[in-house]
Amino acid sequence: MPVRTTELVDGFRHSAPYVNAHRGKTFVVMLGGEALAHPQFRGILNDVALLHSLGIEVVLVYGARPQIDAGLKAAGIEPVYHNGVRITDEDSLKIIKQVAGATQFDITARLSMSLGNTPMQNAQINVVSGNFVIAQPLGVDDGVDFCLSGKVRRIDAQGLRRQLDNNGIVLMGPIAASVTGESFNLTAEEVATQVAIKLKADKIIGFSDTNGLIGKNGEVIAELMPDDIEEMLKTMPADDHTTIGTMAFLKASVEACRRGVPRCHLVSYLDDGALLQELFSREGIGTQIVTQSAERLRRATISDIGGILNLIRPLEEQGILVRRSREQLEMEIEQFMLVERDNLVIGCAALYPFEEDNAGEFACLVVHPDYRDADRGSILLNNIIGQARVRGYSRLFALTTRSIHWFLEHGFNIVDVEELPNKKKQLYNYQRRSKILALDL
């Protein structure tokens, strides 16, 4: 008899909200040559096909930097770069066309596979390529002529949209024609970025040899903003060919985010299923670069006491929140996170530690009435959840008298008083009769 397990059922249940959220969205997936050369490449294409089957519109942009370098060396041509961009003469372009063409056919063949007992069974995917990009030469920089290396001049967004609406996967490579009929070698990162901007795509997804960007302590950095990326790029060696693809994707992500693409994701091509884990799980697995806005999420300081009091006093007067004195806030200020807009505190929440019970309390969630239309409460909650996980807490709990359904919608469950940490249990107000909700981390 087979062993019964709930893992499959739990996986479906936990991923369902993300399936619903992503359906009908447009994703630009950028596969660099390093990913194409790895044995996990086939699994990634299977996962791309799965995204398509779930109703996600996919543009797949491929690069071939290491394959092109190998092809040039085999032909006796030494690869030449300037400021991280390949210089392409006529002899080089002939090799690049051969490599790019072969790569396109390999990807198309893989996405056309329909073997039984594989994720591609009965997939019947239409893979579409075409002249959706018009190129122009890069020209001369610092006296260096890039020759037939080019950049995007324009994107046929309407043509791309028609193919996506016809349920096709659009496959695009690093070679594009110009209005004069010449061919130019472009970077896949620029193609992916410009396509995403013109299509108003919801995401760009790229791959590296690590699960996103790694912090000083060896942990994956879950989320960064464009300004953070630019600071990190200053410390990355520009002549290190092992990171040139990642650096190019990060630079592209900064431009994409600043021009309207909400999120860019960086995941590992080494780990089987990393793409799916990033998109269909609450925690994710890689790094996402998010759009910079007029608002920012930050930790509170003592100078924010007045702003927090202005925010919470009306709810305290209505009996929705337990009253906090200025002195109490001063003692607890380091527990608070804020959403700030134009120097105005428009949202706050706190994480109170109960280290002895390996738990934390999510408390004092308030969003200004004029700013309750963008789910800022969820942003604060996700930040607090992240902090709790970093601290190694196994559970997050909350007490509320009015927002029960909001917590249930965000994965909390109603529990009894007995499940509170011991110190919190002693302080529980039975007259107030707050509902207790818990989220297992």
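This text follows the structure it describes.
A brief report on the enclosed structure follows. Quick caveat, the model's predicted, so the values are computed rather than measured. (Residues numbered from 1 in each chain as written. Predicted model: local features only at pLDDT ≥ 70, side-chain atom pairs only at ≥ 80, totals over all residues. Heavy atoms only, no water.)

1. Observations concerning the layout of surface pockets
- What the second largest pocket holds in volume is close to 1,100 Å³.
- Along the walls of the second largest pocket sit 37 residues, with Leu-321, Ala-363, Cys-364, Leu-365 and Leu-399 positioned nearest its centre.
- Listing elements by their share of the lining of the second largest pocket, those giving two or more residues are helix H12 (326-332), strand S19 (344-354), strand S20 (359-367), helix H13 (376-390), strand S21 (395-400), helix H14 (404-409) and helix H15 (422-427).
- With seven residues, S20 is the single largest residue contributor to the lining of the second largest pocket. (1 Å grid on protein atoms, 1.4 Å probe; cavity = no way out; pocket = protein on both sides within 12 Å on 5 of 7 lines; lining within 4 Å. Points joined across faces, edges and corners; volume = space filled by probe spheres on them. Helix = DSSP H or I, 4+ residues; strand = E, 2+ residues; numbered from the N terminus.)

2. A look at the nonpolar core
- By size, the foremost hydrophobic cluster in this structure holds 42 residues, and its most contacted members are Val-28, Val-59, Val-61, Met-172 and Val-195.
- Among the elements that make up this core, the one with the highest residue count is helix H7 (residues 188-199) (seven residues).
- Non-local contacts of Val-59, meaning those with residues more than four positions away in its chain, are made with Phe-27, Val-28, Val-29, Leu-164, Val-170, Met-172, Val-195 and Leu-199. (Core = buried A, V, L, I, M, F, W, Y, C linked by side-chain atoms within 4.5 Å. Buried < 20%, exposed > 50% of the residue type's maximum accessible area, 1.4 Å probe, protein only. Contact = heavy atoms within 4.5 Å.)

3. What about helix H1 (residues 7-22)?
- With 16 residues, H1 extends 22 Å from end C-alpha to end C-alpha; this agrees with the ideal 22 Å at 1.5 Å per step.
- Ser-15 marks the point of greatest bend in H1, at about 40 degrees, and the proline Pro-17 comes within the next four residues.
- Each element contacted by the buried residues of H1 is listed here: strand S1 (26-31), strand S13 (203-208) and helix H10 (274-280).
- Taken from the residues just after H1, Gly-24 is the one with a positive phi, measuring 85 degrees. (Expected span 1.5 Å × (residues − 1). Bend = angle between axes of the 7 residues up to and from the residue.)

4. Notes on the environment of Leu-365
- Note that Leu-365 resides in strand S20.
- As for Leu-365 and Leu-270, which are separated by 95 residues in sequence, their C-alpha atoms are 39 Å apart.
- Among residues more than four places away in sequence, those in contact with Leu-365 are Cys-348, Ala-349, Gly-377, Leu-380 and Trp-406.

5. Here we look at the sheet that holds strand S16 (residues 287-290)
- Sheet architecture is open: eight strands sit in the order S5-S10-S2-S1-S13-S15-S16-S14, paired in mixed fashion. Of all strands in the sheet, those with a lone pairing partner are strand S5 (126-128) and strand S14 (223-224), marking the two edges.
- Pairing of S5 with strand S10 (residues 168-172) involves three bridges; the strand directions are parallel. Looking across to S10, one finds that Val-127 is bridged to Ile-169. (Pairing = 2+ DSSP bridges.)

6. A word on helix H5 (residues 90-112)
- Relative to the 33 Å expected for 23 residues at 1.5 Å per residue, H5 spans 33 Å between its end C-alpha atoms, a close match to the ideal helical length.
- Those residues of H5 not exposed but buried are Ser-92, Leu-93, Ile-95, Ile-96, Val-99, Ala-100, Thr-103, Ile-107, Arg-110 and Leu-111.
- Between the side-chain oxygen of the N-cap and the backbone nitrogen of Asp-91 there are 3.4 Å, and the N-cap of H5 in question is Asp-89. (Polar contact = N/O pair within 3.5 Å; in protein donor to acceptor, adjacent residues only side chain to side chain.)

This is a description of form; function is not addressed.
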